[in-house]
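# Survey of secondary and tertiary structure
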Amino acid sequence: MALQDGNITVDQAYEAVDPKDFPAMMDVDRYGNRSTAFDKIISATHDHFWDPLDKKYIDFDQPFDMENEYLIDPAQNMELKTAVADKLDEKQKIQLVNMNVHWSLSSILHGEQGALALSASLCHILKDPGAQEYAANQTREEARHVTGFTNYIKARWGKPVQVGPALGDLLTELVLSPLVWKKLVGMQMLVEGLAMGAFATFYKFSRDPLMVKVMQLTMTDEAFHHKFGKIWADRTIPKLSADERNQIEDWAWEVFQVLLYNLGSPEQKKWMYARVGLDWEWVQSAFMEAMTDSKIREDMQESTNIFRVLIKTLLNAGIITERTSGNYAAFIDMKELYGEGDRMVGDDIAEEGIKFLRKLNGNNGTYMSLDSMTAAE
Ligand SMILES: [Fe+2]
Ligand SMILES: [Fe+2]
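Cut-offs used in this document
- Residues numbered from 1 in each chain as written.
- Chains lettered and ligands numbered in written order.
- Predicted model: local features only at pLDDT ≥ 70, side-chain atom pairs only at ≥ 80, totals over all residues.
- Heavy atoms only, no water.
- Salt bridge = Lys/Arg side-chain N within 4 Å of Asp/Glu carboxyl O.
- Helix = DSSP H or I, 4+ residues; strand = E, 2+ residues; numbered from the N terminus.
- Buried < 20%, exposed > 50% of the residue type's maximum accessible area, 1.4 Å probe, protein only.
- Contact = heavy atoms within 4.5 Å.
- Donors = N, O, S within 2.8 Å, 3.2 Å for Na, K, Ca; no water.
- Tetrahedral: all angles 85-135°; square planar, octahedral: opposite > 155°, others 65-115°.

Let's shift gears to the pattern of salt bridges. A full pass over the atoms with the stated rule returns 17 salt bridges. Asp73 is the salt-bridge partner of Arg207, the closest N and O atoms lying 3.7 Å from each other. Taken together, the residues Arg207 in the loop between α6 (180-205) and α7 (209-236) and Asp73 in the loop between α1 (39-43) and α2 (84-87) connect sequence positions 134 residues apart. The class of Arg207 is partly exposed, set by a relative accessible area of 45%. Across the pair Lys230 and Asp234 runs a salt bridge whose closest N-O atoms are separated by 3.0 Å. Note that Lys230 and Asp234 are positioned in helix α7 at a spacing of 4 residues, about one turn of the helix.

The following block contains the structure:
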């Protein structure tokens, strides 16, 4: 029982079956039919191994003064660029900034759980043994991210906050979808692209050394997940019919908007404003007013802006064409992006982390750069 309907497959390595069709996996001809496309990223998994429960890699007992210190540079906080700042004293500002971090890291934790379940689900549908082995490795890495973020959140707040409805619905759709392209574009490119941008921003602006470490260790793995999405796109997008490509392009734009309008929207953070005595609808109007200021709009275009990484991922993959590039141009300078290479904002941070881990893991073999991972074999 092959999965035909809507499962756009042009490369054998991504051929899929119905999640309930286990007998297809025992087909004796399947085992030997392995793509080599993922061998390099599978082999590299030992280079970036880390264990969130081993103090040799990371120590979650490092304290932080949550009441008196900002977890991140407050200049990165969007609320404080609006009239919200005039209503709060210094302690409340610290509280608001740190609650925003709690919200973001909780969203990331739910995203990691989504990535874990999604990678595991890929093992049930992808037929290619190499693709399955890659997905199994990613599942294991996402599991350590769940542990890592759970431990960080536990150390700073006790437990995560409830997932926002927009992100919760999107993750559920991606995990349960039987379609490989939806899983890969939705998770590997959109959600992971957004996460890579968020990790890079936290890495750069966090004032908590423990958070910086969590970000770097996670990024050493995520850079490879991003490469897996890129390999799929390189092998798939150029061979699609115009109809199929348009279908993927339009769906990506829809998901982008869900992420953009919901993740940071005041409505999803009502509880947070209530704690510092603000009404979310008032905060929303303060945001609207601030957006008319060109300096604030400029701030949002900084190179570490999390949505910029996401747009670049889609553009490099060929999922943004002239059909939709005008939509994205409202948020960033598309011309500038067209002129940039493949290198992603988090890649340097990830490579530094991988070198640190190789030393710790006693690995002295030849180092393969991230750039070589997707090179044609
Ligand atoms: Fe992850
Ligand atoms: Fe990931």
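In this section: the environment of Gly229. Take Gly229: it is sitting in helix α7. When its relative accessible area of 1% is taken as the criterion, Gly229 is described as buried. Here the alpha-carbon distance between Gly229 and Trp181, two residues 48 residues apart in the chain, equals 9.8 Å. Sequence-distant contacts of Gly229, defined by excluding residues within four places in its chain, comprise Gln188 and Met189.

Turning next to the coordination of the iron ion (ligand 1). Donor atoms from the polypeptide that coordinate the iron ion (ligand 1) comprise Glu112 (OE), Glu142 (OE), His145 (ND1) and Glu222 (OE), at 1.8 to 2.2 Å from the metal. One way to put it: the 4 donor atoms around the iron ion (ligand 1) meet at angles of 90 to 135°, and that makes the site irregular. Here the donor residues of the iron ion (ligand 1) share one chain and are spaced in sequence as E-x29-E-x2-H-x76-E. A spacing of 3.2 Å is found between the iron ion (ligand 1) and the iron ion (ligand 2), which share Glu142 as a donor. Placement of Glu112 in helix α3 (residues 90-125) and of Glu142 in helix α4 (residues 129-156) is noted, with a sequence separation of 30 residues between them.

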